[in-house]
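# Chains, contacts and geometry: an overview
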Amino acid sequence: MTVAQQPTAVTVRELKIDLVSSGADIVDAIMLDVRAGEVLGLVGESGSGKTTVGMALMGYCRPGGRVTGGEILIDGRPLATMAAAELRRLRGGTVSYIPQDPGTALNPALRIGRQLSEMLDAHSADTSEEDRRARMRETLDEVALPGTDEFLRRYPHQLSGGQQQRVAIAMAFACRPHVIVCDEPTTGLDVTTQARVLETVRDLCRSHQVAAVYVSHDLAVVAELADHVAVMYSGRIVERGARDAIFSQPRHPYTRKLLRAVPDLEGRRAVVGIAGRAPLPGNRPAGCFFHPRCDLAIDRCREQFPGPTELEPGHIVHCYRAQDAPAELPTTGELAPAAQAGDVVIAVDHVNGHYGSHHVLFDIDVTVRRNECVALVGESGSGKTTLARCIAGLHGNYTGDIKLGGERLQESARGRTAQARKQIQYVFQNPYASLNPRRTVGQTIARQLQLFFPGNRRETGRRVAECLERVALSAAAANRYPDQLSGGERQRVAIARALAAEPSLLVCDEVTSALDVSVQAAIVELLRDLRTQTGLSMLFITHNLALIRTIADRVVVMTEGRIVESGPTLDVFTSPSAEYTGRLLANTPTVEAALQR
Amino acid sequence: MTTFLLRRVLLGLLTLFLVSIVVFAATQALPGNAAVAILGRNATPARVAALSRQLHLDRSVVSQYTHWLGGIVSGNLGTSAATQQPVSHLISARILNSAFLVIVSAIIAVPLSIALGVWMAVRRDKPADHILSTTTLALASLPDFVIGLALALLLATNVAHVFPAVSIVPPGEHAWNVPKAVVLPALTLIIAVTPYISRIMRASMIEVLESEYVTMARLKGLPNRTVIWRHAVPNAIVPAIQVSALQLAYMAGGVVLVEYVFSFPGIGAQLVDSVGNRDIPVVQALAIIIAAVYVVVNLVADLLTIVVTPRLRTAGR
Amino acid sequence: MSTPAITAGAAPAAPPSMRQRQWSVLLRATLRQWRARIGLAIFVIMVLIALVGPLLAPHSPNVFVSAPNSPAGQNGLLFGADSLGRDVWSRFLHGGGSVLGMSLAATLIGVGLGLVVGLTAAYLGGVTDEVLMRISDVFMAFPQIVLALLLVTAFGPSVGLIILIVGVSTAPRVARVIRGAALQVVERDFVKAAEAVGEPRRRIIFGELLPNVTSPLLVEVGLRLTYSIGLIAALNFLGDGIQPPAADWGVMINENRLAVSVQPWGVLLPVLAIALLTIGSNLLTDGFARAAIGLDRGE
């Protein structure tokens, strides 16, 4: 029996969920169909409402939300009319859930065995104790975890992140549900672990003929896993259809721009960001919600939200201009220029780093030259951030030499000269934590200028505006507090603060990992432009291999505190010499590779 | 875990040692003659000299301290300056009475507070929660002697004569044999600490009810009862344990006023009397005992926290 | 990418100065809650009684005006006379200033000292933190009242001593809370950013940390004021603070305690006043705390 003949397991019609407080809708006009054995990818950036829709399929709304319209049918039964007891049997029994972060979703006070068995106790109370035990071991076996008593007696904190997610998956499949909602289940995991978890989910869905809704912001993961895709923007589904149609012939301008923002491991094109930000519930414009950010917008787009247009059977788009854009995505674009590297700016020489008594960096050698961008790549725990902090003087517990322009630096920033502190500037991962929330953007940047270029107020004010302009922010941003800015804008401010010191080396520590993909692309573009304009050197720390391809000249690969490979970006990507790099490359999902399969 | 506990015990001992220095320094080593402070300015030089000898004030400060500390460690708390009896005789029965009062109050107050806290959290923002949380907030503001006086006005004198306003326990008798004498002081302590613990339990429970793992438990289709008592309460109880310990230690101070208000024959009323009499040896002993209760109760709370938190319990394995 | 990233309409208009914004937002969020409004009303009324009361008192608080323990209404005395024949109502109106003034002074000492200790311990960490926290532990091992009684034994009762002891014994409790709040701030990257560019330590403590702990600080002021009122009233009640014949709510309770069945007003009025004062200040403080949590969550 092919998927097309399978019964529809999930049907959503005109679903509307409102905020209780203001009555503004979080999501509206949601239409979905998922058949048994089929995976639907629900794609969107943060705030698009994708998780709200996913949770609604379980008859659940987070506090503050309320279903106010439309209907959800699971196996043909409407959720709205279910009594509390029936809904409870549905949850976990018919529809189950794989959470985003098993670290917080598993109960820290209960043993793994208890958390698994209570699921079976609640939903298959009619079967015998032995049957349930057998089912539990069988399910654990399916996710490749040991079903031993020793394992079942463990607490969640005694498992690795990957194991925790496997436990959550086992829990979700334990009662043989018909529908599974996966809420970005691989977000916190390393690519290697992610690849294994995705494989497990795919195999289980296939073998048990489960209808899966896979909620994610990661287009590459969705391309690997999904049969159908629905793209959400600001609480609406703007385009849905078969996977190949969405990824090869996207028709909605948002989908097209989103795909252009995803970095490509093969490096055939540059990433392009999307300007502006998605509007929040209650603050959405008239007409199409995307029109303020759309190049193709016409008057009609500003007046009324576009209804559905079925371009091909099953490929539905909400856009007046869907026919007007070229069908093919441009596959080429400018790549980072091969820089003319100059003198050595920073040299890390035989550095060994420690955390207390833990040895975390082993004999590290790295150099960054003038006008060069070196990417430091590794999975979590590889020591890449510790190394970056050693260079910036934020982690003083190391031996060996770090030299700036040939001069050996003191270990901690306080011991270094003002000149050294000025030359090395650090941009932090999380722009929500790196700006003082009690200071305006202008005050933050002005303080930096005062420290390194003492001058009068007027002069400083002028230079603040200049700094903001360099990161493409308007001068009005100087009066804003960080909480009045979006994540991307905050990260621009953090970059502006670093640039205000006129450094020779910019250390960028996972600067885009807290941001949406469209914003990430915009920040990468900005950094690249800054390099071409000023000849700044950059140390770019990341776990995202595809991103490196678009920005770095050279790559240094780290794992477990050691450098395993380094060389020009192209060489490392096309013919990795270290086995570890090869594995990393093979496990990184990409849209292009998924479509070729 | 063992090292953690050992560390806590050693820190507790260090705290007690420092406490003894503070007590000694505050009462005896400060400028001015303690004997004069005890006897008053009009005392005859002969009496001052005699008392000075009794308190060993003629020796150096350090030797006075070591002598005093040595006495306390070996159970010899000195001689009361007011009654000339050994301090231990004077206070041993009173310690038992106070301990009984505090333990009875705690046994009622702690479980009551936890149940109230859970109940309020589960009915969050419903009328019952609003009424209870406003009431507990108002009660939590009241100083304990105000609660005691209000109860005395209500239940012992002007409104209704249900309980005695003065807790008379015949000499040689223990408080647990005179239940009527314990009711009002215990009630005062319960009203003083219950609002506080229940509010902490409510807040902690609300946080846990909003956690991912409780959402997960609901999405697993578990019965509400299981979600609350198996998934939420064991995680929410840790702050309540810590606060209960603090409140229990606080009761050791609270008894001072409550016992004074009801003339309950415990260490609190004794402390007030001895302060009035300038009976330094008794005040020293009682201050040390009350501080020791604080240290011990906090140790027990740390231990309980470890027991109910798997992450701590299994650490180092 | 040339479009300015701040899009029109999405962000609010330029804000007023930082201090104004922070305080007015917090204040408005506080007074949106009915409990906080009631608290503020009660607190303001009680403070007014304490401040203006002496001007309204019909008699001097310390003169014989009627037969001892006259009942309410006799000789035109609203609430009768106490055992020394003094007007209860006049003594009540005169008796709030001392409790309020002493507790305010003690709170200021305690919160000020606690703030500096807490911030310093949190930022410097290591040995400094350990030593400061050990010292706090020692002070916290004594219930505040026991520490006060200990020192009264040595020095005798006095108003200044009581203010000092209550203040100093409040400080470690404030320091703990402020340290806890500041530790979360210290871990945030903007403090690291300040260190990386070599900001002086003092500037990091008072420029980066302090502005980010104003909410818990404000809550502590309210909470400590509530406790100090109770504590100081209690010490006056025990006769270890302000001395008779001064008119003071705590002193009054003690004076009239034994005659409570014939002259309940002498106890009832000050008990009620202290209760209302603490309830009012605690309701208001709770309002602040809720508002601060709400603002932190971005509501």
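Check the entry above for the structure.
Residues numbered from 1 in each chain as written. Chains lettered and ligands numbered in written order. Predicted model: local features only at pLDDT ≥ 70, side-chain atom pairs only at ≥ 80, totals over all residues.

### Regarding the overall build of chain C
A count of helical and extended segments in chain C gives twelve helices and zero strands. Seen in sequence order, chain C has helices and strands lined up from the N terminus as α-α-α-α-α-α-α-α-α-α-α-α. Oriented by its inertia axes, the alpha-carbon framework of chain C measures out at about 90 × 50 × 25 Å. Of all 299 residues assigned to chain C, the portion counted as buried reaches 52%. The contacts of chain C with a sequence gap of at least 6 include a subset with a gap of at least 24, amounting to 71%. (Helix = DSSP H or I, 4+ residues; strand = E, 2+ residues; numbered from the N terminus. Buried ≥ 20, exposed ≤ 12 C-beta atoms within 10 Å, placed from the backbone. Contact = placed C-beta atoms within 7 Å.)

### Concerning the sheet that holds strand β7 (residues 179–183) of chain A
All names here are of chain A. The eight strands are arranged β6-β7-β8-β3-β9-β10-β12-β11 in an open sheet whose pairing can be described as mixed. Looking at the sheet topology across the chains shown, the edges are occupied by β6 (95–98) and β11 (309–312). Adjacent strand axes in the sheet meet at a mean angle of 20 degrees, parallel and antiparallel pairs treated alike. Direction of pairing for strand β3 (residues 39–43) relative to strand β8 (residues 211–216): parallel, over a ladder of five bridges. What sits directly across from Val39, in β8, is Ala212. Relative to the sheet, helix α7 (residues 161–173) contacts β6 and β7, its axis offset from that of β6 by approximately 175 degrees. (Pairing = 2+ DSSP bridges. Axes fitted to C-alpha atoms, helices over the stretch in contact; angles between N-to-C directions.)

### Remarks on helix α5 (residues 126–140) of chain C
Residue and element names in this part refer to chain C. Look at α5: 21 Å from first C-alpha to last across 15 residues, which is about the 21 Å you get at 1.5 Å a residue. Listed in full, the buried residues belonging to α5 are Ser136, Asp137 and Met140. Projected down its long axis, α5 carries its buried residues within an arc of 105 degrees, all on one side. Residues of α5 that are exposed and angled more than 90 degrees away from the buried face: Val127, Thr128 and Val131. (Expected span 1.5 Å × (residues − 1). Arc of directions from axis to C-beta.)

### A look at the interface of chain B and chain C
With 40 residues of chain B at the contact, the number on the chain C side is 35 residues. Taken together, the residues of the side of chain B that touches chain C break down into 32 nonpolar, seven polar and one charged. (Nonpolar A, V, L, I, M, F, W, Y, C, P; charged D, E, K, R; others polar.)

### Side note on the packing of helix α11 (residues 253–261) of chain A against helix α18 (residues 517–534) of chain A
In a pair of packed helices, the angle between the axes and the distance between the axes together describe the arrangement. Residue and element names in this part refer to chain A. Between α11 and α18, the shortest axis-to-axis distance is 8 Å and the interhelical angle comes to 50 degrees. By the angle between their axes, α11 is oblique relative to α18. Relative to α18, α11 is oriented so that their crossing is left-handed. Residues Lys257, Leu258 and Ala261 of α11 form the contact with α18, whose participating residues are Val517, Ser518 and Ala521. When the residues that make up the contact of α11 with α18 are grouped by side-chain class, the tally is four nonpolar, one polar and one charged. (Parallel < 35°, antiparallel > 145°, perpendicular 65-115°, else oblique. Left-handed = near helix turned anticlockwise from the far one by under 90°.)

### Digging into the sheet that holds strand β1 (residues 8–19) of chain A
Residues and elements named next belong to chain A. Across the sheet, four strands lie side by side as β2-β1-β4-β5; this open sheet has antiparallel pairing. Of all strands in the sheet, those with a lone pairing partner are β2 (25–35) and β5 (77–78), marking the two edges. Here β1 runs beside strand β4 (residues 65–74); their pairing, made up of eight bridges, is antiparallel. Each residue of the ladder has a partner; that of Asp18, found in β4, is Arg66.

By themselves, these figures tell us nothing about what the structure is for.
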